[in-house]
Amino acid sequence: MKPPPFDYVAPPSLDEAVAVLADEDQDSKVLAGGQSLIPLLSLRLAYPDVLVDLGRIDGLGSIEHADDTVVIGAMATQHEAETSHLLHELCPLVPEALANVAHPQIRSRGTVGGSVAHGDPAAELPAVVVALDATVRAVGPNGTRTIAARDLYSGMMTTTLREDEVLTSVEIPTVREGSGSACVEVARRAGDYAMAGAVAQVTVEKGTFADTRLVLFSVSDTPARIDAVERALTGAEAKPEVIARATAAAAEDLDLLADPRVSQDYARHLAEVVARRALTTALERSA
Amino acid sequence: MSTHTITLTVNGREHTEEVEARLTLADLLRERLDLTATHLGCEHGVCGACTVLLDGKPARSCLTLAVQAEGAKIRTLEGLADPEGELHPVQQGFWEKHGMQCGFCTPGIVMSVVELLERDPDPSDDEIAATLGGHLCRCTGYVKIREAVREAVRLRSGSHSPQEIRR
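What counts and how
- Per chain, residues are indexed from 1 in the order of the written sequence.
- To read the labels, note that chains go from A and ligands from 1, taken in the order they are written.
- Where totals are concerned, whole chains, interfaces and linings use all residues; where local detail is concerned, this predicted model gives features only for residues with pLDDT of at least 70, and gives and counts side-chain atom pairs only at 80 or more.
- Water and hydrogen atoms play no part in the side-chain values, which are based on all heavy atoms of the structure.
- Pairing between strands is defined by DSSP: at least two bridges between them are needed.
- Helix and strand definitions here come from DSSP, where helices need a minimum of 4 consecutive H or I residues and strands a minimum of 2 consecutive E residues; each element is numbered from the N-terminal end.
- Exposure is judged per residue with a 1.4 Å probe applied to protein chains only, and the accessible area is read against the type maximum: over 50% gives exposed, under 20% gives buried, and values in between give partly exposed.
- Along the arc lie the directions from the helix axis toward the C-beta atoms.
- Contact between two residues is taken to exist if any of their heavy atoms lie within 4.5 Å; hydrogens are not considered.
- Summed over both partners, the accessible area lost on bringing two parts together, with a 1.4 Å probe, is the buried area.
- Basic side-chain nitrogens of Lys or Arg form a salt bridge, by our definition, when they fall within 4 Å of a carboxyl oxygen of Asp or Glu.
- Between N or O atoms, a polar contact is any pair within 3.5 Å; within protein, one atom must be a potential hydrogen donor and the other a potential acceptor, and residues adjacent in sequence are included only when both atoms are from side chains.
- Three categories are distinguished: nonpolar for Ala, Val, Leu, Ile, Met, Phe, Trp, Tyr, Cys and Pro, charged for Asp, Glu, Lys and Arg, and polar for the others, with Gly belonging to the last.
- Marked domain ranges trace back to an automatic or database domain assignment.
- Here the axes come from fitting lines to C-alpha atoms, over the contacting stretch only for helices, and the angles between their N-to-C directions go from 0 to 180 degrees.

**Student:** Give me the lowdown on the sheet that holds strand 11 (residues 179-186) of chain A, citing residues and values where you can.
**Tutor:** All names here are of chain A. Taken together, four strands build an open sheet; the order of strands is 11-12-13-14 and the sheet is antiparallel. Bordering the open sheet on either side are strand 11 and strand 14 (224-225), each of which pairs with just one other strand. Where strand 12 (residues 196-205) and strand 13 (residues 208-217) come together, nine bridges link them in antiparallel fashion. For Glu205, the partnering residue across the bridge sits in strand 13 and is Thr208.

Written as structure tokens, this is what we have:
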């Protein structure tokens, strides 16, 4: 057996799950789909005392339209979100980005909430929720609270979720009229973690960018919203050459994570390319 | 280190087993139930050799704990055909088109393709590529595997005209 020894509980309710997580005498870890956690266990990079499996709690896997958001339950699988008609219609960036997550055989078990809470800086979903100004809902011993996705990621695979909190849903704002979005990444092989990736959403009104979102992933320790590009583009003429100027300027100033597999020069080049392509494709789709 | 009594159905047969929490579904299948068609390659989800169907969906059995499979219906390669009976159309497709060389990756690929064709009996080339993309094969270069999948599509549809075999 490759994983280290641990206890396992599969409580039938969130309250019971939170109670286990709140027990300070043991180091507990939430198990959702397990597609990141179980490799970490098998590689013995994680040594929890107890796994708290959310798989037996009812009602955490729905995908529903509520007002101007789509609410994705934490335990909805990535496959379910990728094939959701609701998301294709109202939040098309989510299924588009999910198609880049690992492989179909992983997305069948990997969950939306698991990926968002794991916070891998090379993962697509954390970048999407930050770009779209999504909100996550978490339940802890003191009840429920909401966290803006922009405030969720505090460092490498580290979030502002407390250790006794369970992420229960992700609320994604629905796409507006005149908006387009895109996810573009460069990976060595299909399904691998990207060497650099970008998600973008633009809203065009009367030929100018009314709203611009750009998040780069796999280039720094958290999904990086590129404020310089967003500021430069918002209010500017909605043209590909305007995008190219803004992304070239911003790439100069990027603070890149050291990566032994990708040189800094190449990472900077890739970041510029994926940012430009994502924004340009988003612009084309906004028409 | 907790142990659990779990009951699951594997290839139509119910099994009740006492398992340590850390036992993976792959190890349960191979070492407890002696179903060794499910191969273990990388043991962290990358290679796809251990892919089985869990409640009808493809799953890496190395990335699933046996306890998570409590109550689940598992299908492995052993469940596709009777040892003395006819091969499953996907197995027959691999046989006809020689969709393997060393064969290590084959059981996982066959299970993924079984699921793909049950979901979509006539998948596009892109869908086939996406499914095969979740499996590492170091021998074939995938060309013969794609031909085998096409042959399986043809066999399942019941059209046996050899003229139709293209790609």
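Having seen the structure, we can now continue with the description.
**Student:** Give a description of helix 4 (residues 125-132) of chain B that names residues and reports values.
**Tutor:** At 3.6 residues per turn, the α-helix brings residues three or four places apart onto the same side. Within the span of helix 4 of chain B, buried status applies to Ile128, Thr131 and Leu132 of chain B. What you see down the axis of helix 4 of chain B is that its buried residues fit within an arc of 95°, all on one side. Here the buried face of helix 4 of chain B lies against helix 6 (104-107) of chain A together with helix 3 (106-119) and helix 5 (143-157) of chain B.

**Student:** Describe the interface of chain B and chain A, listing the residues and the values that go with them.
**Tutor:** The partner chain A presents 28 residues to the 32 residues of chain B that form the contact. For the pairing of chain B and chain A, the buried interface totals around 2,500 Å² over both sides, and the portion due to carbon and sulfur atoms is 59%. Contact with chain A buries area across many residues of chain B, yet Arg22, Leu63 and Gln68 of chain B alone supply 28% of it, more than any other trio. Connecting chain B to chain A are zero salt bridges. Connecting chain B to chain A are 13 residue pairs in polar contact (both at pLDDT 80 or more). At the level of elements, strand 3 (51-54), strand 4 (57-60) and helix 4 of chain B are the ones that each hand at least two residues to the side of chain B that touches chain A. Broken down by element, the residue count for the side of chain B that touches chain A peaks at four residues, all from strand 4 of chain B. Looking at the side of chain B that touches chain A residue by residue, the classes come out as 13 nonpolar, 12 polar and seven charged.

**Student:** Which residues make up the domain arrangement of chain A, and what values do they have?
**Tutor:** Accessible area lost upon the coming together of the parts serves often as the stated size of an interface. All names here are of chain A. Domain assignment breaks chain A into domain 1 (7-56), domain 2 (63-173) and domain 3 (179-286). A separation of 19 Å is found between the C-alpha centroids of domain 1 and domain 2. Across the boundary between the two partners, domain 1 contributes 12 residues, which contact 15 residues of domain 2. Contact between domain 1 and domain 2 buries roughly 1,100 Å² in total, counting both sides, with carbon and sulfur atoms accounting for 78%. Applying the counting rule to domain 1 against domain 2 returns zero salt bridges. Where domain 1 packs against domain 2, one counts zero residue pairs in polar contact (both at pLDDT 80 or more). The element contributing the most residues to the side of domain 1 that touches domain 2 is helix 1 (residues 14-22), with four residues. Looking at side-chain class alone, the side of domain 1 that touches domain 2 contains eight nonpolar, four polar and no charged residues.

**Student:** Any details on the sheet that holds strand 1 (residues 7-9) of chain A? Residues and values, ideally.
**Tutor:** Residue and element names in this part refer to chain A. Within the open sheet, the three strands sit side by side as 1-3-2. Their pairing is parallel. Either end of the sheet is taken by a strand with one partner, and the two such strands are strand 1 and strand 2 (28-31). Averaged over all pairs of adjacent strands, the angle between their axes in this sheet comes to 25°, without regard to strand direction. As judged from the four bridges shared by strand 2 and strand 3 (residues 50-53), these two strands associate in the parallel manner. Looking at the pairing, Ser28 lines up with Val50 of strand 3.

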